[in-house]
Amino acid sequence: FFFFFFPHGIFEIPALILSVSLGTVLCFYMVLFLFRHKKAVPMLELCTNILRTLLLVIFPMIVLAAIIESYITPLIMQLFL
């Protein structure tokens, strides 16, 4: 069971954790921005950085996990079944 989910989970779980952390950071800085806190950053800059991370880091990790799940995992399953 472990060998069926491990290969694509190497990329999918960190991508999930990173995307959740980006959502948390966005929420945190939006609250700071709404209350006009001195540590607030410009929303355009923050959203640009988050979008850049999504497109350049998270999306390729998810695509790689999908490719591994489609092509590598069936080969591993054939070894054990």
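Refer to the structure printed above.
Residues numbered from 1 in each chain as written. Predicted model: local features only at pLDDT ≥ 70, side-chain atom pairs only at ≥ 80, totals over all residues. Heavy atoms only, no water.

Caption draft 1: Spotlight on the overall build of the protein. Check the secondary structure of the protein and you find two helices and zero strands. Every one of the 81 residues in the protein was classed for burial, and the buried ones make up 20%. For the protein, the exposed area adds up to about 6,300 Å²; of that, 78% sits on carbon and sulfur atoms. (Helix = DSSP H or I, 4+ residues; strand = E, 2+ residues; numbered from the N terminus. Buried < 20%, exposed > 50% of the residue type's maximum accessible area, 1.4 Å probe, protein only. Areas by Shrake-Rupley, 256 points an atom, 1.4 Å probe, with all protein chains shown as cover.)

Caption draft 2: Focus on the environment of Lys39. Mapped onto the fold, Lys39 is located in the loop between helix H1 (2-34) and helix H2 (43-80). Residues Lys39 and Leu79 lie 40 residues apart in sequence; the distance between their C-alpha atoms is 54 Å. In this structure, Lys39 is in contact with Tyr29 and Leu32, ignoring residues within four places of it in sequence. (Contact = heavy atoms within 4.5 Å.)

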